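# Residue-level structure breakdown
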Amino acid sequence: MSSSDDPRAIAASSCGPRDSRSGTGDPGDAASSSSDHGDRAAPSAGAVDCRIRAVRARRVWDSRGRPTVEAEIELAGGAVGRAIVPAGASKGSREAHELRDGGAPFGGLDVLQAVAHVETEIARAVVGLRADDQVALDQRLIELDGTPTKSRLGANATLAVSMAAAHAAAAARRVPLHEYLGGAAATLMPLPQIQIFGGGAHAGRRVDIQDFMVVCPAARTFAEALEWTAEVYRHAGLVMQARGASLGVADEGGWWPDFVSNEEALTTLVEAIERAGYAPGEQVAIALDIAASDFGREGRYTLGLDAKVLDSDGMIELLLGWIDAYPIVSIEDPLGEDDADAFVRFTRAAGDRLQIVGDDFLVSDAALVADAAALGAGNAVLLKPNQRGTLSETRAAWDAAQAHGYAGIVSARSGETEDTTIVHLAVGWGTGQLKVGSFARGERMAKWNEALRIEERLGPRATLARPLPRRPR
Ligand code: 2PG
Ligand code: MG
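### Brief notes about the coordination of the magnesium ion (ligand 2)
Bound to the magnesium ion (ligand 2) on the protein side are D289 (OD), E332 (OE) and D359 (OD), at distances that span 2.0 to 2.2 Å. Mapped onto the sequence, the donors of the magnesium ion (ligand 2) take the spacing D-x42-E-x26-D. Taken together, the residues D289 in strand β7 (residues 285-289) and D359 in the loop between β12 (355-358) and α11 (366-375) connect sequence positions 70 residues apart. Each member of the pair, D289 as well as D359, is classed as buried.

### As for the site of ligand 1
Inspection of the region around ligand 1 gives 16 residues, with A89, S90, R413, S414 and K435 positioned closest. Take Q210: an N or O atom from its side chain is 2.9 Å from an oxygen atom of ligand 1. Between an oxygen atom of ligand 1 and a side-chain N or O atom of K435, the distance comes to 2.7 Å. Alone, ligand 1 offers 310 Å² of accessible surface; in the complex the protein occludes 99% of this. Two domains each put at least three residues into the shell around ligand 1: domain 1 (2-175) and domain 2 (187-464).

### Topic: the pattern of salt bridges
The final tally for this structure, using the stated rule, is 37 salt bridges. Residues K447 and E416 are paired through a salt bridge, measuring 3.0 Å at the closest nitrogen-oxygen approach. Pair noted here: K447 is in helix α14 (residues 442-458) and E416 is in the loop between β14 (407-411) and α13 (421-429), with a separation of 31 residues, a long-range link. Assessed through its relative accessible area of 4%, E416 is described here as buried. Overlapping salt bridges bring together R53, R56, R58, E70, E72, E74 and R82 as one network.

### Focus: the sheet that holds strand β1 (residues 52-61)
Pairing in this open sheet of three strands is antiparallel, and the strands run β1-β2-β3 from one edge to the other. Among the strands making up the open sheet, the edge pair consists of β1 and β3 (80-84). Strand-to-strand twist across the sheet, computed as the mean angle between neighbouring axes with direction ignored, equals 15°. Pairing between β1 and strand β2 (residues 67-75): nine bridges, direction antiparallel.

Rules behind the numbers
- Per chain, residues are indexed from 1 in the order of the written sequence.
- By the order in which they are written, chains take letters starting at A while ligands take numbers starting at 1.
- Whole-chain, interface and lining totals are the exception, using all residues; otherwise, since this is a predicted model, local features are given only for residues with pLDDT of at least 70 and side-chain atom pairs are given and counted only at 80 or more.
- With hydrogens and water set aside, each side-chain value is computed from the structure's full complement of heavy atoms.
- Listed donors are limited to N, O and S atoms within 2.8 Å of the metal, widened to 3.2 Å for Na, K and Ca; water is not among them, so incomplete-looking sites are possible.
- Secondary structure counts use DSSP, requiring at least four H or I residues in a row for a helix and at least two E residues in a row for a strand, with both numbered from the N terminus.
- To sort residues, take the accessible area from a 1.4 Å probe on protein chains only and compare it with the maximum for the residue type: under 20% means buried, over 50% means exposed, and anything in between is partly exposed.
- When we say a residue is near a molecule or strand, we mean one of its heavy atoms is within 4 Å of it.
- We define a polar contact as two N or O atoms separated by no more than 3.5 Å, with the added condition that, inside protein, one atom must be a possible hydrogen donor and the other a possible acceptor, whereas residues neighbouring each other in sequence contribute only through side-chain atom pairs.
- Reported accessibility uses the Shrake-Rupley method at a 1.4 Å probe radius. Residues are deemed covered only where the shown protein chains occlude them.
- The source of the domain bounds is an automatic or database domain assignment.
- Salt bridge, as used here, is a side-chain nitrogen of Lys or Arg placed within 4 Å of a carboxyl oxygen of Asp or Glu.
- Pairing between two strands is assigned when DSSP locates at least 2 bridges connecting them.
- Note on geometry: axes are C-alpha line fits, over the in-contact stretch for helices, and angles between N-to-C directions span 0 to 180 degrees.

Geometry only, nothing functional implied.
This is the structure in structure tokens:
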């Protein structure tokens, strides 16, 4: 008899509500959360068996029309969780391995092997495990893969299962994922970083800098931050249209950048903030993702649009000049992932008045966060679950960040879907910040809209995080 057939195991693994004070107990809670993507209804009230009964996977398509992995987990008690893995375009070299099939179809990007791994090897290994013991489940996935980067099974295969299990456990407890992860006390809404102009690898390298974003440090609620951003986004579009430079949108929904220099994107962004009626820096400030690894190696940075090649100190000087001239409160990957010394110098020069975020530099890795903290490189980490391949490892990076006084920003990838897991991570883990791309395209709006539902559900308990340092006036 396998353990999954043993009735004693069923009694021992019942997974009723963790906290009877949390949630309303209304089945609508589960139905309105992304834990209940499935066609199947959430189980009826009472203790629910949280052991994994079945694992399915399929190839679905992302926002760039590329294949990606969806996994679905069914628990013995009947609850179902489903999750889809995103994909990056500008990636850190130390990210976990995304398994692609190669060959001719879809430019080599098919994921049928990863899907097959979920349905065979991974399914055999996790059926019978408890979906609500995330750490044990993720450890099983890590050991099963057996490589340092998940190159055998694919981090896209392991993450789909890791996230689907969390959704299934939340559905079994009849609470939304954010509450399953953080309990009733998780009421901090993240301050959103929202892209207005795309660039870099997401816009045919039309400008070198990747993300020109806004944050709304003076907004009182998440809903208000979205309202302000909507106006800035709209006015940025009008400015571009008036200049005859309206050429559609880039991969994450930001306006396609038609500028004569990288800096012109900054002046245009300030113009859009002002035209929208907000005080730049006070109400609406600027956040950048330089994604410097995409145009810099070994301390040589080639800014194609500006026809400049800078060394590390030249790059630092350029950024310090921008920080003085524009209301910038956060800069991600200001220097290349291989340029840690320059990262340290930049942090010394600007870290007391600016959030300095490691993305390609830290790849959501707890050990790299600890190393960076020891060096004094950066003061924040981007958290992208598919950079690691399990939720537990991503969470470990956030734990490391908190232990070292770093901020954390849960982030989407440039290739996304309707999956809203990251929004629940940001609220459930209380990271205080969320980056999803722009204010257009369904795969982005699905996440902003999910955050609105969460804020509404939290009601007066919700508070909007304001973790960014205020710039001295
Ligand atoms: C980033 C992300 C999102 P990608 O660099 O932060 O903007 O891009 O998913 O392509 O790595
Ligand atoms: Mg980045």
